[in-house]
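The residues making up each chain are set out below.
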Amino acid sequence: MGGLPEHKASGEIVADAWDYSGRPAVRSRTGGWTSAAMILVVELNERLTTLGIAVNLVTYLTATMHLGNAAAANSVTNFMGTSFMLCLLGGFVGDTFLGRYLTIAIFAAVQASGVTILTISTAVAGLRPPPCTAGGQCEKATGAQLGMLYLALYTTALGTGGLKSSVSGFGSDQFDETNKEEKVQMQKFFNWFFFFISIGSLLAVTVLVYIQDHIGRPWGYGICAASIALGLMIFLAGTRQYRFKRLVGSPLTQIAAVVVAAWRKRGRDLPSDPTLLYTGEAAEEKGAPQMNGRQRLQHTEQLRFLDRAAIPDAPAAGGQPSALPSKWRLSPLTNVEEVKIVVRMLPIWATTIMFWTVYAQMTTFSVAQATKMDRRIGSHFQIPPASLTVFFVASILATVPVYDRIIVPLARRLTGHPHGLSPLQRIAIGLLFSILAMVAAALSEIKRLHAANRSNPTTLSVFWLVPQFFLVGSGEAFAYIGQLDFFLRECPKGMKTMSTGLFLSTLSLGFFVSSALVAVVHKVTGTGSGGHGAWLANDLNQGKLYNFYWLLAVLSGVNLAVYLLAAKGYIYKEQRYSVEDESVTGVELAEEGCCHA
C-alpha cells in the first residue's frame, strides 16, 4: 500500500462539503489524509474491542459465570447479532438526524461506556459467582450478576452498531471524488481501512485474548475501554479539519413510504397504461427535485401491487398531480421500481443467512471444543482457545490471492464472465464451503470424543480443529465478496446505503438463527450433562455436539439447493432494464465493504 500520501495544499472550495462552522470547505484546510488518519484510529479500536470481546466471551460465560454451553453460545450469538442489527439503526440515525460525525462521536462514547461497565463487572467479586468447589460443584451466576453483564454487552453492541454504520462513510467524505487526485487517495484510504481492520482483528485474537486468559479479564477489557476512549479523543481533536456532508435521508424511509402509500390505495384499480402513474416530473418543475441525481427507471410488470403507491389521488393531464404530494400518499414511479428491485433480491438475501449461522459456530462451540483439547506448543506455551480464530484471517489472506491470481483467470476462460465468476456463483461456492466445514467439524468432534474416552481426555491436538476454521474462513472470502458485490451492484443508485444494510442484516440474522437452533436442539435433545442423549451437554465429553454439526450440514445443504433455484431464476438488473450503464466503481465497492465484521 505504501506510505500515507501527503495532502497537497490548494485554496479551492470542495463542492458539496462544509467545515465544522458550516462554511464551504476549503481543500487546503479540510479533509485529506490528516482527517482520514484520525478516523482510521477509531476503526482500529472498534475492531480490537468488539472482536476481543466476542471471540473469548464463551469461555468467560462457561468457566467464570458457570453457564451451560448452549446458554453461553446463545449469549455470544445474540450479542453479535444485535451488534450487526443495530448498524441499521445507526445508519438510519446518521443519515436522517445526526449526520456521520455526531453519530460516530456519540456511539463511540456509548461503546466506551459499555466496555467500562464490562470491565467493572469482571473486576468486582460480587458481580460474578464464586469459583467452583474442589468437588466440582459450581454456583451459576445470579440474575443480578447476569443483568450487569448483559447491560455491559448490549451497551457495547449499541455503540458498535453506530460506529459500523458511519465510520467508513465519514472517512470517504474526507476525499472529493470529483477531484482526480483525491479520488485516487480515496481508493488508497479504503486499502488502509481494511488494513487497520485486519490489524485490529489480529491484535484482538492474539494479544488481547492472551491478556484476558493469562493476566486477567479486567486488564483485557480495561485496555479495550481505554483504547476506545483514546480513539474518541483523537477523533474529536480533528473536528476543525473534517469535511461534512448534508443529511441525505435513509432508504428505509423510502421503502416505508412506498409500502404505506400502496396500502392506503389497496382498493384502487391499477391503470392499464403505466404512463398514468406519477413520475415526479411535475415536482421537479416546481423546484422540488425527486431524482436527486438518481437514474429514472422503467416500469416493470412484476409486483404490480406496489404500483398503487404511484397512482395520483387527483390526476391532472398525463397522470401528474397539480400540487406537490406527501411521500406517504404518493411515490414517484422510480421510487416504486427501486423498492421492487429490493423485493426481487430478497430470495437471495434469505438464502445467504445460513452461511453466517455456520460462521457463528466458530466463536462458540468450536472455541468450547478447543478448551477440551491439547493446546500446548512446546513445553511452556498454551494456545488460548479463542486464538484459533486467527485461522480465519489466515485462510482469508490465503484464499483472496489464490482467487485473484488463479481462479479468476481460469474461470474467465471457462465462463466468459469478465470477473471470472459472477457474484451469485461466488456466493454458491461460499455456501458449499460452509457445508464442508460442518462435515469437518462433526468428524473432528467424533475423533475428539473417541480420544476423551481414554485415560487422558485432552490428548488430542487442538490443530484437528484447523480444517473447520480454514473452510469457514475460505468460504467467507467467497460468500462475503459475492454478497457484497451482489447487494452493491443490484441495489438502486438511489438506495446505495441499503446495500450495506442488507448485507449486515444477513450476518445479524445468521447469529440469531444460530441462537434459535441451539435453543430448539437443547430443548428437544435434553439439557443434562450426564449423557442422557443431550447433544449440547454442559460437559462436551458427555454430549453429542457432532450431531449438531451434522444437522447444520444438512440444513446448509438444503439451503444451498434452495439458493441455486433462486439464483437460477434471478435476472441481473442490467439485463432487466435497458438503461444507461450502472456499473459500480472499485471505490464504491470498497466503501460498502468497510462495515464488515
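Please refer to the structure placed before this passage.
Parameters and conventions
Residues numbered from 1 in each chain as written. Predicted model: local features only at pLDDT ≥ 70, side-chain atom pairs only at ≥ 80, totals over all residues. Heavy atoms only, no water. Helix = DSSP H or I, 4+ residues; strand = E, 2+ residues; numbered from the N terminus. Buried < 20%, exposed > 50% of the residue type's maximum accessible area, 1.4 Å probe, protein only. Contact = heavy atoms within 4.5 Å. Areas by Shrake-Rupley, 256 points an atom, 1.4 Å probe, with all protein chains shown as cover. Salt bridge = Lys/Arg side-chain N within 4 Å of Asp/Glu carboxyl O. Bend = angle between axes of the 7 residues up to and from the residue. Axes fitted to C-alpha atoms, helices over the stretch in contact; angles between N-to-C directions. Parallel < 35°, antiparallel > 145°, perpendicular 65-115°, else oblique. Left-handed = near helix turned anticlockwise from the far one by under 90°. Phe/Tyr/Trp six-rings, centres within 6.5 Å; stacked < 30°, edge-to-face > 60°. Patch = residues over 30% accessible without salt bridge, like charges linked within 9 Å, V, L, I, M, F, W, Y side chains within 5 Å. Core = buried A, V, L, I, M, F, W, Y, C linked by side-chain atoms within 4.5 Å.

This paragraph deals with the overall build of the protein chain. Helices and strands together make up the secondary structure of the protein chain, namely 19 helices and four strands. Counting the 597 residues in the protein chain, one finds 55% classified as buried. Once local pairs closer than 6 in sequence are excluded, the contacts in the protein chain between residues at least 24 apart make up 81%. Accessible surface computed for the protein chain: about 24,900 Å², of which carbon and sulfur atoms make up 63%.

Before going further, it helps to spend a moment on the side chain of serine 387. Mapped onto the elements, serine 387 comes out in the loop between strand E4 (381-382) and helix H13 (390-415). Look past the residues within four positions of serine 387 in its chain and what remains in contact with it is Val205, Thr206 and Val209.

A separate point is the pattern of salt bridges. Any two side chains of opposite charge can pair, given that their charged atoms come close. Evaluation of the coordinates by the stated rule reveals 17 salt bridges. As a salt-bridge pair, aspartate 374 and arginine 376 come within 2.9 Å of each other at their nearest N and O atoms. A relative accessible area of 55% places arginine 376 in the exposed class. Among the ionic contacts, a cluster of salt bridges with common partners joins Glu12, Arg27, Asp176, Glu182 and Arg243.

Here tryptophan 356 shows up in helix H11 (residues 353-360). On the accessibility criterion, tryptophan 356 (0% relative accessible area) is buried. Considering only alpha carbons, one finds tryptophan 356 and serine 508, 152 residues apart in sequence, at a separation of 8.1 Å.

A few words now on H13. The largest bend along H13 reaches roughly 45° and is located at tyrosine 403. For H13, the complete set of buried residues consists of Phe392, Val393, Ser395, Thr399, Tyr403, Val408 and Ala411. Directly beyond the C-terminal end of H13, a positive phi value near 80° is found at glycine 416.

So, about the packing of H13 against helix H15 (residues 466-490). Viewed as axis vectors pointing N to C, H13 and H15 meet at an angle of 50°, and their least axial separation amounts to 8 Å. In terms of orientation, H13 and H15 fall into the oblique class. As H13 runs across H15, the sense of the crossing is right-handed. Only Val466, Phe469, Phe470, Val472, Gly473, Ser474, Glu476, Ala477, Phe478 and Ile481 of H15 make contact with H13, whose side of the interface consists of Phe391, Phe392, Ser395, Ile396, Ala398, Thr399, Val400, Tyr403 and Ile407.

A word on the packing of aromatic side chains. The tally for this structure, following the rule as stated, stands at 24 aromatic pairs. Here the aromatic rings of tryptophan 192 and phenylalanine 196 are separated by 6.2 Å at their centres, their planes lie at 65°, and the arrangement is edge-to-face. Note that tryptophan 192 and phenylalanine 196 are positioned in helix H6 (residues 180-214) at a spacing of four residues, about one turn of the helix. The class for tryptophan 192 is buried, based on a relative accessible area of 15%. Residue classification places phenylalanine 196 among the buried positions, given a relative accessible area of 17%.

Moving on, we get to a nonpolar patch on the surface. On the surface, Phe97, Leu98, Leu102 and Ile106 cluster together to form a nonpolar patch covering roughly 360 Å² of accessible area. Those elements giving two or more residues to the nonpolar patch turn out to be helix H3 (69-98) and helix H4 (100-123). Given a relative accessible area of 39%, leucine 102 falls into the partly exposed group.

Judged by nonpolar contacts, the single largest core of 103 residues is most densely connected at Leu424, Phe486, Phe548 and Tyr563. What tyrosine 563 contacts, discounting residues up to four positions off in sequence, is Ile348, Thr351, Leu424, Ile427, Ala428 and Leu431. Grouped together as the second largest cluster of nonpolar side chains are 26 residues, Leu44, Phe196, Tyr242 and Phe244 included.

Looking now at unusual backbone geometry. Of all residues except glycine, most have a negative phi; of all peptide bonds, most are trans. The backbone phi angle of aspartate 16 is positive, close to 60°, even though this residue is not glycine. Along the chain, aspartate 16 falls in strand E1 (residues 13-18). Note on aspartate 16: relative accessible area 58%, which makes it exposed. Here the phi dihedral of leucine 303 falls at roughly 55°; this positive angle occurs in a residue that is not glycine.

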